[in-house]
Amino acid sequence: MTTKAMSPDYNSEFAISSAKLTRNFGDLTAVSALDLTVEKQTIYGFLGPNGSGKTTAIRLLTGLLKPTSGQVNVLGCQLPNEANKLRLQIGYMTQKFSLYDDLTVKENLQFIAKIYGLTANEQKARLSELLSIHQLTAQSKQLAGSMSGGQKQRLALAAAVIHKPKLLFLDEPTSAVDPQNRREFWEQLFDLCDQGTTILVSTHYMDEAERCHKLAILENGIKRADDTPQNLMSTMAAQVVEIAATDLRYIKESLTKLPEVISAAQLGTHLRVLVKKEVNQPIALLQKQPCLQSKNKLAIVRPSLEDVFVSCTGNEAIPT
Amino acid sequence: MIDLISESIGKRMKTSLLRIQAIVTKELLQLSRDKMTFGMVIMIPLVQLLLFAFAINTNVRDIPVGVVDHSQTALSRVLQQTVSATGIVTFTHHYHSTKAAQAAIDRSEVRGVLIIPKDVSQRLVRHPSVGFGLPPSSKQETSRPIAQWLVDGSDTVIANSIKSLRNMPLAELLDKPANRSTPTFEVTLLYNPEQRSVVNIVPGLVAVILTMTMIMFTSAAIVREQERGNMEMLITTPLAPMELMIGKIFPYIFIGAIQVSIILGLGHFLFNVPINGGLTQLALATFLFICASLVLGLMISTIAKSQLQSMQMTVFILLPSILLSGFMFPYEGMPVPAQYIAEALPATHFIRLIRGVVLRDVAVIEMSFDMLWLIAFTFIGLVIAAFRFKRTLD
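Not measured: the values here are computed from a predicted model. (Residues numbered from 1 in each chain as written. Chains lettered and ligands numbered in written order. Predicted model: local features only at pLDDT ≥ 70, side-chain atom pairs only at ≥ 80, totals over all residues.)

**Regarding the overall build of chain A**
Next, step 1: The helix and strand inventory of chain A stands at 13 helices and 14 strands.
Next, step 2: For chain A, the spread of C-alpha atoms along the principal axes amounts to about 75 × 50 × 35 Å.
Next, step 3: Residues counted as buried form 45% of the 320 residues belonging to chain A.
Next, step 4: A separation threshold of at least 6 residues defines the contact pool for chain A, and within that pool the share at least 24 residues apart is 66%. (Helix = DSSP H or I, 4+ residues; strand = E, 2+ residues; numbered from the N terminus. Buried ≥ 20, exposed ≤ 12 C-beta atoms within 10 Å, placed from the backbone. Contact = placed C-beta atoms within 7 Å.)

**Observations concerning the overall build of chain B**
Next, step 1: Secondary structure summary: chain B contains 16 helices and four strands in total.
Next, step 2: Relative to a compact globule of 394 residues, whose C-alpha radius of gyration would be 21 Å, chain B shows 30 Å and is clearly more extended.
Next, step 3: With respect to the principal axes defined by its C-alpha atoms, chain B has extents near 105 × 40 × 40 Å.
Next, step 4: Burial statistics for chain B: of 394 residues in total, 35% are counted as buried.
Next, step 5: Within chain B, counting contacts between residues at least 6 apart in sequence, those at least 24 apart form 79% of the total. (Rg over C-alpha atoms; globule rule 2.2 N^0.38 Å.)

**A look at unusual backbone geometry**
Next, step 1: Cis geometry is adopted by the peptide bond preceding A:Pro80, which originates at A:Leu79 and carries an omega value of 0°.
Next, step 2: Within the secondary structure layout, A:Pro80 lies in the loop between β5 (77-79) and α4 (83-86).
Next, step 3: In this structure, A:Glu172 takes a positive phi of about 40° despite not being glycine.
Next, step 4: Looking at the secondary structure, you find A:Glu172 in the loop between β7 (167-171) and α8 (179-194).
Next, step 5: Judged by C-beta crowding, with 21 C-beta atoms within 10 Å, A:Glu172 ranks as buried.
Next, step 6: Backbone geometry places B:Asp361, a non-glycine residue, at a positive phi of 55°.
Next, step 7: Tracing the chain through its elements places B:Asp361 in the loop between α15 (346-360) and α16 (368-388).
Next, step 8: The class of B:Asp361 is partly exposed, set by 14 C-beta atoms lying within 10 Å.

**Details of the nonpolar core**
Next, step 1: Residues A:Val273, B:Ala207 and B:Val295 are the most contacted members of the largest nonpolar core, which totals 160 residues.
Next, step 2: The element contributing the most residues to this core is helix α8 (residues 197-219) of chain B, with 15 residues.
Next, step 3: Setting aside chain neighbours within four positions, we find B:Ala207 in contact with B:Phe289, B:Ser325, B:Phe327, B:Ala347, B:Phe350, B:Ile351 and B:Ile354.
Next, step 4: By size, the runner-up hydrophobic cluster in this structure holds 18 residues, among which are B:Val83, B:Val113, B:Ile146 and B:Ala147. (Core = buried A, V, L, I, M, F, W, Y, C linked by C-beta atoms within 7 Å.)

**Structural notes on the confidence of the model for chain A**
Next, step 1: With 94% of its residues at a pLDDT of at least 70, chain A reaches an overall mean of 88.
Next, step 2: Low confidence marks residues 1-11 of chain A, where pLDDT is under 50. Its contacts with residues over four positions away, or in another chain, come to 13 contacts. (pLDDT = per-residue confidence, 0-100.)

**Notes on α15(B)**
Next, step 1: End to end, α15(B) covers 20 Å across 15 residues, agreeing with the expected 21 Å (1.5 Å per residue, within 8%).
Next, step 2: With 14 of its 15 residues buried, α15(B) lies for the most part within the structure. (Expected span 1.5 Å × (residues − 1).)

**Structural notes on the interface of chain A and chain B**
The accessible area lost on association of the parts is a frequent measure of interface size.
Next, step 1: Tallying the contact residues gives 21 residues for chain A and 21 residues for chain B.
Next, step 2: Every element with two or more residues in the side of chain A that touches chain B is listed here: α3 (54-62) and α5 (105-115) of chain A.
Next, step 3: The leading source of residues in the side of chain A that touches chain B is α5(A), at four residues.
Next, step 4: Split by residue class, the side of chain A that touches chain B holds 10 nonpolar, four polar and seven charged. (Nonpolar A, V, L, I, M, F, W, Y, C, P; charged D, E, K, R; others polar.)

**As for the sheet that holds strand β4 (residues 69-74) of chain A**
Residue and element names in this part refer to chain A.
Next, step 1: In spatial order, the strands read β2-β1-β4-β5; together these four strands make up an open sheet with antiparallel pairing. If you trace the sheet from one side to the other, it starts and ends with β2 (28-39) and β5, each paired once. In this sheet, adjacent strand axes meet at a mean angle of 20° when their direction is disregarded.
Next, step 2: One ladder, built from five bridges, connects strand β1 (residues 14-25) with β4; its direction is antiparallel. (Pairing = 2+ DSSP bridges. Axes fitted to C-alpha atoms, helices over the stretch in contact; angles between N-to-C directions.)

**Some thoughts on the pairing of strand β11 (residues 238-244) of chain A**
Residue and element names in this part refer to chain A.
Next, step 1: A large share of β11 lies buried, amounting to five of its seven residues.
Next, step 2: For β11 and strand β13 (residues 270-276), the ladder comprises seven bridges, and the chain directions are antiparallel. For Ala-244, the partnering residue across the bridge sits in β13 and is His-270.

**Thoughts on the environment of B:Ser97**
Next, step 1: In this fold, B:Ser97 is placed in the loop between β2 (89-95) and α4 (98-106).
Next, step 2: Each C-alpha atom, one on B:Ser97 and one on B:Val68, is 6.3 Å from the other, the two residues being 29 residues apart in sequence.

**Let's talk about the packing of helix α11 (residues 241-271) of chain B against helix α12 (residues 279-303) of chain B**
All names here are of chain B.
Next, step 1: Contact geometry for α11 and α12: axes closest at 9 Å, N-to-C directions at 135°. One way to sum up the angle between α11 and α12 is to call them oblique. Handedness of the crossing formed by α11 with α12: right-handed. In this structure, α11 uses Met-245, Lys-248, Ile-249, Tyr-252, Ile-253, Gly-256, Ala-257 and Val-260 to contact α12, whose residues at the interface are Thr-286, Phe-287, Ile-290, Cys-291, Leu-294, Val-295 and Leu-298.
Next, step 2: When its residues are assigned to classes, the contact of α11 with α12 shows 12 nonpolar, two polar and one charged. (Parallel < 35°, antiparallel > 145°, perpendicular 65-115°, else oblique. Left-handed = near helix turned anticlockwise from the far one by under 90°.)

**Focus: the environment of B:Val41**
All names here are of chain B.
Next, step 1: In this structure, Val-41 sits in helix α2 (residues 35-55).
Next, step 2: A residue is classified by how many C-beta atoms lie within 10 Å of it, and Val-41, with 19 of them, is partly exposed.
Next, step 3: Remark: the alpha-carbon pair of Val-41 and Gln-339, spanning 298 residues in sequence, is separated by 31 Å.
Next, step 4: Not counting the four nearest positions on each side in its chain, Val-41 is found in contact with Ile-255, Ile-258 and Gln-259.

**A closer look at helix α13 (residues 305-312) of chain A**
Next, step 1: By the criterion of burial, α13(A) is predominantly enclosed, with seven of the eight residues buried.
Next, step 2: Of all the positions in α13(A), only A:Leu305, A:Asp307, A:Val308, A:Phe309, A:Val310, A:Ser311 and A:Cys312 are classed as buried.

**What about the sheet that holds strand β14 (residues 297-301) of chain A?**
Residue and element names in this part refer to chain A.
Next, step 1: The four strands are arranged β12-β13-β11-β14 in an open sheet whose pairing can be described as antiparallel. Looking along the sheet, the strands with just one partner apiece sit at the ends: β12 (261-267) and β14. Shown here is a sheet whose adjacent strand axes are inclined to one another by a mean of 25°, direction ignored.
Next, step 2: Pairing between β11 and β14: five bridges, direction antiparallel. Across the sheet, the residue bridging to Glu-242 is Ala-299, located in β14.
Next, step 3: Most of the contacts of helix α11 (residues 248-255) go to β12, to which it runs at about 170°, and overall it touches β11, β12 and β13.

Below, the structure written as structure tokens:
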């Protein structure tokens, strides 16, 4: 696997490939033996709770951190040795706003454009193009520090793509943004992807993760699962039973004690119960329980990404 | 082939210069929006010059002293007036006893006390400096001083001033022509014949103020980018460490030049400090020192983890730059280890250069050791700072 991952023609298909990528901070292993392949011109997601190693993984892939062990190849550059060569080809939008608060939108973009070596003419054309794509034309003379979360995020994206990178890293890009702005942001991402950019995005929002072409679920630095969202849901190692009842808190408490039940979560008037896949008749099993009455309605439903996430992370994680 | 290589080198140079220019523009824009810092650029040299030029004076005048007059004669009063006329001391208090006078010194009411004995007249006439020679007397009697000074000796400058009164001429006290003694040596004072402290202090002040502001500006430069989170973005770009370093120090060279103009201009017009050397020489010396100080700041910036730490390290450099550089105390008077420390500070070399240029009209090239030292410091420092600057987050 390791030798094959690093062979040249293997790289041509993938924007990113890593093998046993590991990074320790003292005793803490932030990223543990991560095997990753990201196809070109796709949007790849890192889904995981805070502290799951998403940011560290992105920093390793951008060359900002050196791996403790393992191999990484990004756009044909071996890291960490060829990190300098990689810089011109990638864009990176940091989790925290990292442009200058005391410069205006236009000044920030001009600064970044010059850093990437755009000539005066290219700069002018690219800037007005970016300002209109990201709806910042009206704010171009406003100080970045005085803008709203959504505007800052659009500016950060504009700055990250100013040099038309082949590969774009986005670290929790929508954490400070309202749902409307988030929708529009994803439209921009699909446009970029359509134009040939490969995008790696980290998130802890399920709905956002579901938009990705492919997805890796991370927990404690370990990749628990990776596939397309549809495959993850259909091959999930659990079945979902929805119960409509009144005394849901009590029912939840009783059911979670069963060894066959992975977890239960209340959704308004329903209780979503994850039952292990090997149980043949999950409804019959649950119906037998004394806490449930015959009038309660039970039904097997289609799993959501959250169910996938719950079933493969936390204490309930099913070893695969 | 060679054309191709030179073309690609030319292109690289061009993009490199573009990146440096980007940093310079950004720094200037940020500085122009930081009104407080911008004001400090002007106010620090202005206020400090006025403060120091007026305050620092090694020729002490009008030291408050008391008197205990045991003799209470016309002569004792004339003696007090003659002493007072030197301008070194002013009699502010009278005490009845030596004990009361000493208590007054203890509580810092006066810095010294003149004790005039009962027999001051007899002592005076027998004193050799008065020169009566008569009536004949025993050797012991003639060698008796006419009065005594009790001085708070903790401050050596004050003590020395009062000590200088020890041999003051007394002949005019008795309407006699002073018996002038021929000095052993003749001393000709060059460059500052009137012995005004400002002449020496103002050029030195250029060094102190530049050390303070230049190091402060750049010592915060890199740390600030880190603290505000901009560094994570900068290091993912193709910006090279050396480009960042040069871009960071460039704007401040002009700011340093503005400050030097304020100090020397005001010093010249307000305090009459001569500027004997050529302006080109002055500009050269200052340019070398500004670069060295900025680079020193950059080195601090690559070590410090926060702006507070960078500020502490600036003070750590600033204090020896004031005390050991020759600004306050002569370099020659310091013990050898202190001289080694002084040699390591850019301020020491600059103070020599600027005093040479401003006061003695020496060309910088004639003081080549100090010149080369500053140049070497700048280049080595720049390389160290760029080397220490990490492009990773490890």
